[in-house]
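Coordinate inspection notes
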Amino acid sequence: MILLALVIPATLGFLSTRFLLRKSPLPYSWLLSSVMAFPLGLGICSLVLFWSYVIANGFGRSLTLLVLIVLFIIAMGLQIKASWGRPSPISLHPGPVLGNIFNALNPKTNSRTSLFRNWAITLAALLFVYLFLHYTYYFIGKVVWNIYGGWDARYFWNLKAKFYFRVPAEWKGMFNPILDWAHPDYPLLLPGAVAWGWITAGKELLIWPPIVDYAFFCSLCFLVIWYLSAHVSWWNGLLAGCYLLTVHMFRFWSTTQYADIPLTFFFTSAAILLLLAIRSKDKHLFLFSGLLAGLSAWTKNEGLFFVLWLGLTGAAILLRSRSMTRQEKKSMILYFLGGLLVPLATVVFAKVVLGVKGGEYIGSGRNLSDYIRLLFFDAAKTKFIALCFLVFKSTYSQWQGLWILFLAGLLAGNRDRFKDYRWIFAVLIAGIELGYFVILHVSPNDPKLQVETSLMRLMMHGAALAMVFTFEAIGPLFRAQRKSDPVLSPG
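Conventions adopted
- Residues numbered from 1 in each chain as written.
- Predicted model: local features only at pLDDT ≥ 70, side-chain atom pairs only at ≥ 80, totals over all residues.
- Heavy atoms only, no water.
- 1 Å grid on protein atoms, 1.4 Å probe; cavity = no way out; pocket = protein on both sides within 12 Å on 5 of 7 lines; lining within 4 Å.
- Points joined across faces, edges and corners; volume = space filled by probe spheres on them.
- Nonpolar A, V, L, I, M, F, W, Y, C, P; charged D, E, K, R; others polar.
- Core = buried A, V, L, I, M, F, W, Y, C linked by side-chain atoms within 4.5 Å.
- Buried < 20%, exposed > 50% of the residue type's maximum accessible area, 1.4 Å probe, protein only.
- Helix = DSSP H or I, 4+ residues; strand = E, 2+ residues; numbered from the N terminus.
- Contact = heavy atoms within 4.5 Å.
- Disulfide = S-S within 2.5 Å.
- Phe/Tyr/Trp six-rings, centres within 6.5 Å; stacked < 30°, edge-to-face > 60°.
- Lys NZ or Arg CZ within 6 Å of the ring centre and 35° of its normal.
- Axes fitted to C-alpha atoms, helices over the stretch in contact; angles between N-to-C directions.
- Parallel < 35°, antiparallel > 145°, perpendicular 65-115°, else oblique.
- Left-handed = near helix turned anticlockwise from the far one by under 90°.
- Expected span 1.5 Å × (residues − 1).
- Bend = angle between axes of the 7 residues up to and from the residue.
- Polar contact = N/O pair within 3.5 Å; in protein donor to acceptor, adjacent residues only side chain to side chain.
- Patch = residues over 30% accessible without salt bridge, like charges linked within 9 Å, V, L, I, M, F, W, Y side chains within 5 Å.
- Areas by Shrake-Rupley, 256 points an atom, 1.4 Å probe, with all protein chains shown as cover.
- Salt bridge = Lys/Arg side-chain N within 4 Å of Asp/Glu carboxyl O.

**As for empty space enclosed by the protein**
As enumerated under the stated definition, the model contains one cavity of 30 Å³ or more in all. What the largest cavity holds in volume is close to 30 Å³. Lining of the largest cavity is provided by Phe-175, Pro-184, Asp-185, Tyr-186, Pro-187, Trp-298, Val-347, Ala-350 and Lys-351. Grouping the constituent residues of the lining of the largest cavity by class yields seven nonpolar, no polar and two charged.

Right, here's the structure in full:
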């Protein structure tokens, strides 16, 4: 039953990704489809589950399964239609990584440079396999001793999944203001993903939430590898994957069943696809990026800020572009908004129609002058928060120097580090953290408590983007493209 709970969303996500990428000139698009399969599939299952319960209440489970079967048939039909008449993609070529490994072992390699490159990729691949197995061992050890996850997992995310599973007719109880300590207004992607596995299995399997955790982290790791391998070099991508597996912040929080790793995945994937959409002027990538940004808002409230920053960044670039007509710009924006529509509308519906009235910000009784005073006229709080940002980012035991390397990439990376819209990553990271900096000022909670419980995790949301930018900026010994090559090659 666990296998079925895994296969259905993964297959649905893979087919959906293949359809969205059918005309996109992305290198190794099959790898990207595999990376996106499980997170996207779980996001779709979560949305379907929520709306099925809204429409059918106690019969939400049955409607969810029916809708997913229909979506699966549609996705399969679209995939068959898209591939009809095309030559078979099956090839006996060993693939880019295996090909370099075979070449490294081949004494007839043409040049010393290619021999060195092939051996570098071989060693990087072997190191990645070792670190991946080491992380898996670490993950299992943590999960065995803490199968229920951290405090937020027990009393936020998995608690709401139990409302879905245990009493379908009373599922709206998760929005009851009596449960204010469980934040009834939080988005529901992770509870829906957990409930999906339980519903499929027919019981509350303790192992399912950790499986969701593990799958999201692995997807994040392979997403970083895919982007850097496709647009820089395989050696660079594998090395970044190795580094990601050693960063304590990612390792530890991937075992807690919190929503921060899924949020980091959707932030990173939406930003990468927006960058590639702008480079290639592919409206389907704009649609895909909007969908992933919307899923970030359906994951945590912080995703709403990300949607704003991502949308403003993309719109500003399109409006300033001179290589596209007004109609093309309009089409790109509409496709992005189209991808954003369903998950964002779901968030709004859950908060406005079902969510609790009032809250920490909207409906809290504070007016604009209160927020201005907290933001601009409390120097002691500003100094405290700024010092916490500085100290936390420079803590080597948590980040293994990631933010220091990111700063080095910004200031002293290669000359092309901001070309081809790579600066988007840096701008989005700055926007994400500026938003958190503001929130810490205006939060009604004690700033010390807020910093202790959440600041380090908030920094993680943009950390994968920082890693991608850093490895592309400082990098690479072997680039995939020369200046004369196109930015994107068919794949």
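Continuing now.
**Section: the nonpolar core**
In this structure, Trp-226, Phe-250 and Trp-399 are the most contacted members of the largest nonpolar core, which totals 149 residues. Counting residues per element, this core draws most heavily on helix α8 (residues 208-231), which supplies 15 residues. When residues no more than four places from it in sequence are discounted, the contact partners of Trp-399 are Tyr-243, Val-247, Met-249, Phe-392, Lys-393, Met-456, Met-459, Met-460 and Ala-463.

**Brief notes about unusual backbone geometry**
The phi dihedral of Asn-57 is positive, around 50°, even though this residue is not glycine. Along the polypeptide, Asn-57 turns up in the loop between α2 (29-56) and α3 (60-83). Taking relative accessible area as the criterion, Asn-57 reaches 30% and is therefore assigned partly exposed. Look at Gln-400: it is not a glycine, yet its phi comes out positive at around 55°. Locating Gln-400 in the fold gives a position in the loop between α17 (396-399) and α18 (402-412).

**Observations regarding the state of the cysteines**
On inspection of all chains with the given rule, the structure shows zero disulfides. For Cys-242, which is in no disulfide, the shortest distance to another cysteine sulfur is to Cys-221 and amounts to 8.1 Å. Residue Cys-242 is classed as buried on the basis of its relative accessible area of 3%.

**Structural notes on the packing of aromatic side chains**
Remark: the centre distance and the inter-plane angle together describe each pair of aromatic rings, the angle taken between the planes. Evaluated as defined, the whole model comprises 40 aromatic pairs. Relative to Phe-222, the ring of Phe-132 has its centre 6.0 Å away and its plane inclined at 55°; by these criteria the two rings are tilted. Taken together, the residues Phe-132 in helix α5 (residues 112-145) and Phe-222 in helix α8 connect sequence positions 90 residues apart. Assessed through its relative accessible area of 18%, Phe-132 is described here as buried. Taking 4.1 Å as the distance between ring centres and 20° as the angle between the ring planes, the aromatic pair formed by Phe-267 and Phe-306 counts as stacked. Of the two residues, Phe-267 is situated in helix α11 (residues 260-280) and Phe-306 in helix α13 (residues 302-320); the sequence distance between them amounts to 39 residues. Phe-306 shares its class with Phe-267; the two are buried. An aromatic cluster is built from Phe-50, Trp-51, Tyr-53, Tyr-164, Trp-171, Phe-175, Trp-298 and Phe-349, whose rings are joined through pairwise contacts. Residue placement shows Arg-61 over the ring face of Phe-165; its charged tip is 4.7 Å from the ring centre. Across from the ring centre of Trp-253, 5.3 Å away, lies the NZ or CZ of Arg-457, which sits over that ring.

**Quick notes on the packing of α8 against helix α21 (residues 463-473)**
α21 packs onto α8 with a crossing angle of 25° between their chain directions and a minimal axis gap of 11 Å. One element, α8, and the other, α21, form an angle in the roughly parallel class. Judged by the twist between their axes, the crossing of α8 over α21 is right-handed. Residue-level inspection shows Leu-220, Val-224, Tyr-227 and Leu-228 of α8 in contact with α21, the latter providing Ala-464, Val-468, Phe-471 and Glu-472. When the residues that make up the contact of α8 with α21 are grouped by side-chain class, the tally is seven nonpolar, no polar and one charged.

**Regarding helix α20 (residues 447-460)**
Helix length check: α20, at 14 residues, gives a terminal C-alpha distance of 19 Å against a target of 20 Å (1.5 Å per residue), a fit within 8%. The sharpest bend along α20 measures roughly 50° and falls at Ser-454. Of all 14 residues that make up α20, 10 are buried, and the element is covered over most of its length. Here α20 has its buried residues at Pro-447, Gln-450, Val-451, Ser-454, Leu-455, Met-456, Arg-457, Leu-458, Met-459 and Met-460.

**Some thoughts on the side chain of Gln-400**
A polar atom in the side chain of Gln-400 sits 2.9 Å from the backbone nitrogen of His-248. Of the polar contacts made by the side chain of Gln-400, one reaches the backbone oxygen of Ser-397; its length is 3.4 Å. Filtering out sequence-adjacent residues up to four positions away, Gln-400 remains in contact with Tyr-243, Thr-246, Val-247, His-248 and Thr-395.

**A closer look at a nonpolar patch on the surface**
Nonpolar side chains collect at one region of the surface, where Leu-66, Val-70, Leu-71, Ile-74 and Leu-78 lie side by side and expose about 390 Å² of accessible area between them. Within the element layout of this structure, Ile-74 appears in helix α3. Look at Ile-74 and you get partly exposed, because its relative accessible area is 44%.

**Quick notes on the packing of α11 against α21**
Where α11 contacts α21, the axes come no closer than 8 Å and their chain directions differ by 45°. Judged on the interaxial angle alone, α21 and α11 are oblique. In this structure, α11 uses Thr-264, Phe-267, Thr-268, Ala-271 and Arg-279 to contact α21, whose residues at the interface are Ala-464, Leu-465 and Glu-472. Its residues assigned to classes, the contact of α11 with α21 shows four nonpolar, two polar and two charged.

**Brief notes about the pattern of salt bridges**
For the structure on display, the rule yields nine salt bridges. Linking Lys-300 and Glu-302 is a salt bridge whose minimum nitrogen-to-oxygen distance equals 3.6 Å. When its relative accessible area of 16% is taken as the criterion, Glu-302 is described as buried. When salt bridges with common partners are traced through the structure, they connect Asp-152, Asp-260, Lys-300, Glu-302 and Arg-457 into a single cluster.

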